[in-house]
Every structure is written in structure tokens, then in C-alpha cells.
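Summary of the model geometry
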Amino acid sequence: MGLFTNMMPFATVSLEGAALLRVRALTVTYSTRNRQSAPALRRVSFDIAPGEILGILGESGSGKSTLALAILGLLPANCSVEGTILFQDEDLLQMDESRWREIRGAKISMIFQEPGLSLSPVMRVGDQIAEIIRAHRPGNGKTRKLECEAVLRGVRLSEVDRIYRAYPHQLSGGELHRVAIAQALACRPDLVIADESTRSLDVTVQAEVLNLLREINRKRGSALIFITHNPALLAGFADRVMVMYAGGIVEQGPTAQVFSRPLHPYTKGLLQLIPRSRNGTNLTSEGRLPVIPGSLPALNPSSRGCLFEPRCSVRTAHCQNESPGEVTPERGRRVSCFNYGN
Amino acid sequence: MGTEAVGRAIKPALVKARALCKRYVQRAPFSRKKFVIDALMDVDLEIALGCLTALVGESGSGKSTLASCLGILEKPDRGEIWFEGSKVSFANSRELTALRPKIQMVFQDSAGALNPRFSAAQIIEEPLEIQGRESGARLRARACELMEEVGLSPDAGNRSPLEFSGGQRQRLAIARALALKPTFLILDESLSGLDLATQAQILNLLLDLQTSHSLTYLLISHDLSLVGQVADFVAVMHHGKIVECGSRQQVFSAPQHAHTKELLASVGVVEAAFRTAQVGGGQ
Amino acid sequence: MKYLERRVIHGILLLIGVSVLCFLFSDLAPGSFFDEMKLNPQISSETVAALRSQYGLDKPLPVRYARWVESVLGGEWGYSFAYNSSVRSLLVVRARNTLLLTTLATLFSWLVAVPLGVWISNHPGKWYDRLSMGGTSLLLSVPELVLVFGLLYFAIRTHALPVGGMTSVGFDQLGLWGKTIDLVTHLIVPVTTLVLASLPVLVRHVRASMVEVLKLPFIQAARGHGIGPARLLFRYALPAAGNPLISLFGLSVAGLLSGSLLVEVITGWPGIGPLLLEASMSRDLYVVVGAVMSSTLFMVFGSLLADVMLVVVDPRIRVE
């Protein structure tokens, strides 16, 4: 564990009042029999307040999906998990499976990637929502059906009857997506996690889904963790944004501040990628798109220094040997970089 | 940029499609009722030589059907396709066999399109071997060369494609498509499953290869924003028809069809929000 | 509906094909029912020839086949030389007994295989999974003949079960309850043999298709929505794993049917098995054809049932 001990002492949380979810030094390691294990998440710490929208930004392989699964307790058995995840002052990592089940779907729920694959192909869509209500609340078939229909109307699905009786293959991508959202909202959870859920959608549908999620967040006051690889989606949507790279958080802060003045070189690189379709272009002088050179490093336990160092434009000799701790350059913002702002 | 687009516009067309029609018929159970899906309705398209043409449309608009017709994987019900000035829609099988290496496709689900039992190098070697272009040690050398060209380390040649990341798999699929030295490359949603950062890298790779291999691209996507940045021409598909077609400049600055405007608006909203956030948080 | 219509037509074609093959093979086999009579000095060769022509055995094969088809359509199913009666009257009772045996065996083997397979699929690698896998391998390698002899040995040594037949002496004097008990005790040995013989394949298939389905994303998603383990297995996973299992159901009926012919002969169960054996030995041509045809009919019916179930269970097939 000697690798990451030189982190700065954890700064006190900038949010006033009680946090809904408090993640501290969460480290997840997948271990396989024939390979050296490397942490998929490295000492991740963050808070989410009730009713807040937190955007998590990162490429595939950055550990953002692992984080979502860890919060729901769905990591496979070959994972070792360290740290704490406090949800409403209860440590999720200390709970037994039956307590987990009471929380999953009822207090913390997830909108899964690819609704076409995360719905059973041989069950009616309505039954799949009713099953979730059945798992968490008393009632009989009739009351459950009424609740389901209310939930479906709540996600702006108009032909509730048709949708209720349909099988997944009979619905369009947008409809399936709304069903997936309805599943997550069925038991009025306090925290909803959306994992790359708008990736496969058409642009127009994607915009509708984002509006819907926001509206629900406002109306119900449920917090939302929205995981994506596209920073543009978070603008005007997420209250705060958290940028992940190679299993760690490199920067977090209020969306507007992070987007206007990114501190970490990786965040800067990501924001450069956003196209300018309307006014001009952001092509380089050679007519190429701006990119972050290189690719994610292969994670291995013996790597030293900052993991972004090989791709970094502001690296110094220092970066190779020591991994940067998290610092708080201004109120509400945190960044893990020695040369931030340069 | 404007003069350049005009300059490109007078380039001759590599591929021409005239009045393509394709209809799928599905019969409903328990009844004589039929579902008719008109995937292509009188589609006209010209793809300029040495240019990148983006074909944009929502899912179900018929863009993948058009791609497989142009890639001669499927036969249109009606209409004609010209490739390098000769008609292919009714070519006999011998002529088609001669034509196939020149037209290559790269698909979205590269994990599914690459045989997981083959190593990366074998995947590239396979088309070369089948066509009898190379053999023995030259075969492996050519595969390594191609891997290097698409930015993969030749050392990875012995690994299974499943060990690759999504972006690397897409590079591998491009390398295989390039193996037969095609002139026309169709990329059917090849970027869709990838991260924004990887999409940009792959697009840059395509632009580099375009000059070195004198390639013509048809890039199919449901997302206008990134593709629109690098395309020379943009065609918009909607309900089986091409509703708008023109240079990048024309389509972005003066869209004619309502659907194009809608697509641009939804892209614009997201981008505008981002620019606002960039400016707004600055104080 | 298209799909089922097609399956029914397949079934009918299969029955016609099997009947043609039966006739062809019986024609290729040497000898006929009346050949033995020729050895008997008391029966003149004229008598034998007269009998042959009376039953139409001197006619060419197509004519015999046409006559048989006519008789099938007339409800006779041909004529038994040995029993001197129509094949149908012989077969109906026998077929009923075989049907009873196979239905019970099918029912019990699936009733055991599905819960067992589902249970062990949930924790592959656990001790009970390994135990079940070991046990099924063992059963798979033991021939039915050994199984049935083992059970019979047990029955003889303990006197707990009747050794053969379908009913005890004095069955007719028993009341309804007594008759049922008597029948059940006679059923135990043959049904157990058949269940044990078909169980390993079924358990392994149930387990394998469940293990596949449990890896799918929608199972993970359901777990993420807080669905409990029992619901997850039986409400979500099992129906999704159903398709290959239902196809297997059709096959298992066929397997049990052929298995039951053997078991019937050994345990003296008055089904189609002993009749078929006896008729084949004595070249009682139409009985052989009739017995094979009724077995085929059961089989076709079993797979048709599987097809109907498939349509009911999987909504996607209804669309295709």
C-alpha cells in the first residue's frame, strides 16, 4: 500500500449539511489467478448532497463503471474492496447481502447501459417494473399495476397500456430508455446512478432523455450520478463534475467552474475535444481534430508517479516519481496535479 | 475552408447511386397483415473521389441499408450503382469478385466482427491469404506493416482481439480493411461505441490514411457533431430518403430541410450549453 | 399460424416417411410369418400359399403398402397373423400402458431436473454442484440395463416391490384405492429406471443453459434493482433459459420412449415394447409397423408439444 500513502490529508468536505453519500478512500482491486492485480479504483473520495446532480467524466477503463457497481454492491466476487461508502450514515460496505437487497432499487437505483440488454427479453415490460415494486413494497397485483402505470406516465410515456404489455423487442430505443428510467424510479430512490445510459441514443432522443432526468431530479429531489465520456452533455445539466482517469479522481468541482477554468491537464484535453459545429471549427492548423495523445496506461501495481504523466503536456521530472495528492486550490474544487493551472 | 470545399466539389464521383429502392417485408403472426419497411426510397447519392462524405441519420433512417447496398453486401430492389464509372448493380459474380477488394467496410461492433479465435495478425492476414496476394513470411511482414500504419504496435500481433480496447479493435478492423488496398472505405457507425477522445483519434487516423492511401470514405453516424467537423460533404437521411446533401459548409450554415435543422439544433443546444458554461463560470 | 402449421406438416411427413421405411425394411428382411408353417409337415404348401395370398403377402410391395394405408384410414391398422385380430385392438391397450409409463417418467425426470439444475447453476463450483455433476456423470455411464437389473435385484431381495408386470394377481377384486396402490407399486421400478437414465442429460442441460443466462446483463440489472435470489432464478433466468430446454423436452420424450421399450421388456410391463419384440421375432409384419408407428406418433406429438410451448414461452418466436 506504500504507493499511495503520500497523499495529502483529506480536505474537509466543502458541502454544508449532511451528505447523502460519502465515499472515502475507496479502492477496488480485481484479482485474477494468473495476473498481478492492479487497482481499478484508487483511493476515490467524494460526496454527493441530497438532490444534487453529479457528473462523472471519464474514458472507458477509467474506473467509472466500477465505481457505480461498487456503490450498488454488485462487484464480482473476485474483487477486494477497501474504504468506506457511507449512505445516509450507514456504511454500505459493512452490510450483509439481504440489507443490500433492501437498498438496491429502493434507495439507490441504477439506469443500466443498453436498456435493450438490461431488460429480460421474455418478460413483459410492465411485469419487469412490477417485480421491482414487489421486491420492495407491500401490495397486491392490482395496486402494483396501478403504480407501474403511474411510473410509466411519470417518464412521459403516453401509450401506457401498450408499453405495459409490450416485450422489449417491440419497443423503440427511446421507449426502452424511458422504461429503464421508470425501473430505476419505481420505488422513489434517494439516489439514481445513470451509467453511460444515453450513449447509443439518437441525438434528439438523447436531449429528451437528459431533459427528463433533470425534470425528475427537480421534482422529486432525488440525487443523480450521471456517468459519461462526453463533457458536453454535462454542461447546464450537472451541478458538479468529477473527472476520472485510470481509476482515480483527477479533478472535481462545480461544473461551470471546471468547464471555464479546468485545472488538470487531462480535463483541459477532454474539454478541447468538444466540437464547434456552429461557429467555426476547433481543427488544428493541419486540419486535424485536437486529441489527447497516447492512451490509458496499462494498470499495474508497481507503477509509480502520476499515471497521466506519459500523456501530459505540463509534466516535470517530479511527476515521474511521486503521485500527486489531492489539493484544494479554491473553495469547492479539488485537483490532483503538481502543476495544475499551468 | 469555403474555397476548398468548392474545389473539392468539382472532383469526379467515385461512387454514384441512382434511385435506389429497398423494401423489407415482415408478416405478422395470426393474420395476413404485412409490415412493409421502405428502408430506401429513391435514394440518389454521389460520393466524390478522395473526399470524406458523412451520412448522418437517426436509427431506422435506412443509412445502414444504404451502406450495405453500396458495399455490395446487399442488392437493392431497384436502382443503379456505379463504381469508378462502371455499373455494379447488375454485374455478374465474377465482376463482383474483382470489385469486392476495392470496396471495404468497417462495422460498429468490432468485437463481433473480428474472430476472437484469431490473433490480431491473423485477422489482417486472412483477406490477403484468401485473395492470394501474399504468402509465407511476406504475409506476416505485411500484417505488421499495416498494424504500424494504424498505430498499433506489431508486438501486439499475437494477442487476441478481445484483449484490445475498443479503440484498438477499431484500428485493427481498419487495418484489415486496408489490407486489400481498397479505394473506397465504408465506415458503418464505426465510431459510435467509442469515447469522445478515442473517436477523435480514430478520425485523425482516417484523415492521415486518406492522404497516404488516396482513399474515399463514406462515414455513417447518428451523431453529427464530431463527424461534421472533418467531413467534406454531409448527407442527411430521414425515413429512407436523403433529405439534404451538400458540402459541410452548406449544410451547417444554411440547412434546407426541417430534419437537418432539428439535428443541428440538438447538437447546438448541447454545445451552446457547454460554451455558456465555459464563459459563465469564468467570472 | 405459420410456425405451428409448418411443424404439424413436418410431423405428418415424418409419419409417412417412417411407415414407408418400415415396409421397405420388412421387405428386405428374410422370411415371413408363414415361413415357419412350411416346416410343419401337417400343413401343405398349398395351404401356406393360400394363407399368403389371403393376407396379400404375395402382392408386390406398393400394393401391400396401399392396402395398409387403406386399412389405417379404415381404423384397422392392418391385421395380426399371430393374434388373429386387427392391429388397432392390440395396440390401443398396449399404447395406453406405454403412454402411462413414459408420461410419468417424463414428468418426474423434469420435476427433479429443473429445480436441481437451477439450484446448482446458481453457485457453480460449490460442493453440491460438484456432487451433482459427479453423480450425473456416473449415471450417464451406467447403461439402462444395469440400472433396471439393479433395481430388480433390490426389489427381489427386499420383497418391498413387485418384480414385474403391471398388476398383481387378483387385481380385479380390489377396490379403486387398492387398484391405484397396486398400479403405483408396479410402476416404481420401471419409472425409476427411466428417470435415472434420463436425469443426467436433463440436469446438465438445465445447469448449462442457466449458467449462460445468469451471465447476461439483464440478470445483473435485475439484481441491481433489488430482486431476491429465488425470484431472480425462477422468474427471470429460467424463462430466458427455456428455449433450449423446451427443444430438449421433445428429444427427452423420444429418448424415454426408446428407453421404455427396453425397460418394458425386462420388467414385463405390458406396453408396446414386449409386443414389438414378440412381433418382430415372429415376423408379424403389421404389428411391427403399427408398434413403430405408434411410437413415432408419440414422438411427433412430444416434439409438437415442445413447439407449442416454445411459442407460448418466447414472445420473439411469435414475431418471426
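Keep in mind it's a predicted model, so treat the numbers as computed, not measured.

1. Brief notes about the interface of chain B and chain A
Tallying the contact residues gives 39 residues for chain B and 38 residues for chain A. Summing both sides of the interface, chain B and chain A together bury roughly 3500 Å²; the carbon and sulfur share of this comes to 56%. A salt bridge links A:R288 to B:D208; its shortest N-O distance comes to 2.7 Å. Seen at the junction of chain B and chain A, the total is six residue pairs in polar contact (both at pLDDT 80 or more). Broken down by secondary-structure element, the contributors of at least two residues to the side of chain B that touches chain A are α8 (196-213), α9 (224-230), α10 (248-253) and α11 (258-280) of chain B. With 12 residues, α11(B) is the single largest residue contributor to the side of chain B that touches chain A. Partitioning the side of chain B that touches chain A into residue classes produces 16 nonpolar, 15 polar and eight charged.

2. Quick look at the nonpolar core
If you look at the biggest cluster of nonpolar residues, it comprises 120 residues, and the most contacted ones within it are A:I181, A:F226, A:F259 and B:I174. Of all the elements, α8(B) adds the most residues to this core, at nine residues. For A:F226, the contacting residues outside a window of four places in its chain are A:L54, A:G55, A:I56, A:A194, A:S197, A:T198, A:L210, A:L213, A:L233, A:L234 and A:F237. Counting 39 residues, the second-largest nonpolar core is a separate cluster that includes A:C187, C:M133, C:L199 and C:I246.

3. So, unusual backbone geometry
Residue and element names in this part refer to chain B. At K181, a position not held by glycine, the phi torsion is positive, near 50 degrees. Summarising the element assignment, K181 is placed in the loop between α7 (166-179) and β7 (184-188). Its relative accessible area of 59% is what places K181 among the exposed residues. A positive phi is found at S214, a non-glycine position, where the angle reads about 40 degrees.

4. Observations regarding the sheet that holds strand β10 (residues 248-254) of chain A
Residues and elements named next belong to chain A. If you trace the eight strands from one edge of the open sheet to the other, you get β6-β7-β8-β3-β9-β10-β12-β11, paired in mixed fashion. With partners counted over all chains shown, the strands left at the sheet margins are β6 (108-111) and β11 (327-330), one partner each. Neighbouring strand axes in the sheet, compared pairwise and without regard to direction, differ in orientation by 25 degrees on average. Sheet topology places strand β9 (residues 240-245) next to β10; six bridges connect them, and they run antiparallel. Of the residues in β10, the one forming a bridge with R240 is P254. The strands touched by helix α8 (residues 203-220) within the sheet are β3 (53-57), β6 and β8 (223-228), with β8 carrying the most contacts at an inclination of about 155 degrees. Sitting on the sheet, helix α11 (residues 265-272) is in contact with β3, β9 and β10, with an inclination near 105 degrees to β9.

5. A few points about the interface of chain A and chain C
Across the boundary between the two partners, chain A contributes 26 residues, which contact 22 residues of chain C. Carbon and sulfur atoms make up 63% of the surface buried where chain A meets chain C, a total of about 2100 Å² over both sides. Contact with chain C buries area across many residues of chain A, yet A:R101, A:V122 and A:E131 alone supply 25% of it, more than any other trio. One can count three salt bridges joining chain A with chain C. Put simply, A:E131 and C:R235 hold a salt bridge, and the shortest N to O gap is 3.3 Å. Where chain A packs against chain C, one counts five residue pairs in polar contact (both at pLDDT 80 or more). Counting only elements with at least two residues in the side of chain A that touches chain C, the list comes to α1 (64-72), α3 (115-118), α4 (125-136) and α7 (173-185) of chain A. Counted by class, the side of chain A that touches chain C contains 14 nonpolar, seven polar and five charged residues.

6. Describing empty space enclosed by the protein
This structure, assessed with the given rule, holds eight cavities of 30 Å³ or more. Considering only enclosed or pocket space, the largest cavity measures out at about 430 Å³ in volume. For the largest cavity, the lining is made up of 33 residues, of which A:Q206, A:N230, B:Q199, B:D223 and B:S225 are closest to its centre. Of all the elements in the fold, those that place two or more residues in the lining of the largest cavity are α8 and α9 (231-234) of chain A together with α8, β8 (216-221), α9 and α11 of chain B. Of the residues forming the lining of the largest cavity, the biggest block, four residues, is contributed by α11(B).

7. Side note on the packing of aromatic side chains
One pass over the structure, following the stated rule, counts 14 aromatic pairs over all chains. Ring centres 4.6 Å apart and planes at 55 degrees place the aromatic pair A:Y245 and A:Y266 in the tilted group. Here A:Y245 is found in strand β9, whereas its partner A:Y266 is found in helix α11, with 21 residues between them in sequence. As far as the burial class goes, A:Y245 and A:Y266 line up, both buried. Three or more aromatic residues link up through ring pairs in this structure, and these residues are C:F23, C:Y65, C:W68, C:F81 and C:Y286. Sitting over the face of the ring of A:Y164, A:K145 holds its NZ or CZ atom 4.9 Å from the ring centroid. Above the face of the B:F252 ring, B:R248 is positioned so that its terminal group lies 5.1 Å from the ring centre.

8. Quick look at the pairing of β7(B)
Residues and elements named next belong to chain B. When you tally the buried positions in β7, you get five out of five residues, the bulk of the element. Of the two faces of β7, the one lined by F184, I186 and D188 and the one lined by L185 and L187 are each fully buried. Pairing analysis gives four bridges linking strand β6 (residues 103-106) to β7, with the strands arranged parallel. Among the inter-strand pairings, M105 is bridged to a residue of β7, identified as I186. Pairing of β7 with β8 involves five bridges; the strand directions are parallel. Along β8, the bridge assignment pairs L187 with L219.

The rules behind these values
Residues numbered from 1 in each chain as written. Chains lettered and ligands numbered in written order. Predicted model: local features only at pLDDT ≥ 70, side-chain atom pairs only at ≥ 80, totals over all residues. Heavy atoms only, no water. Contact = heavy atoms within 4.5 Å. Buried area = accessible area lost by both parts, 1.4 Å probe. Salt bridge = Lys/Arg side-chain N within 4 Å of Asp/Glu carboxyl O. Polar contact = N/O pair within 3.5 Å; in protein donor to acceptor, adjacent residues only side chain to side chain. Helix = DSSP H or I, 4+ residues; strand = E, 2+ residues; numbered from the N terminus. Nonpolar A, V, L, I, M, F, W, Y, C, P; charged D, E, K, R; others polar. Core = buried A, V, L, I, M, F, W, Y, C linked by side-chain atoms within 4.5 Å. Buried < 20%, exposed > 50% of the residue type's maximum accessible area, 1.4 Å probe, protein only. Pairing = 2+ DSSP bridges. Axes fitted to C-alpha atoms, helices over the stretch in contact; angles between N-to-C directions. 1 Å grid on protein atoms, 1.4 Å probe; cavity = no way out; pocket = protein on both sides within 12 Å on 5 of 7 lines; lining within 4 Å. Points joined across faces, edges and corners; volume = space filled by probe spheres on them. Phe/Tyr/Trp six-rings, centres within 6.5 Å; stacked < 30°, edge-to-face > 60°. Lys NZ or Arg CZ within 6 Å of the ring centre and 35° of its normal.

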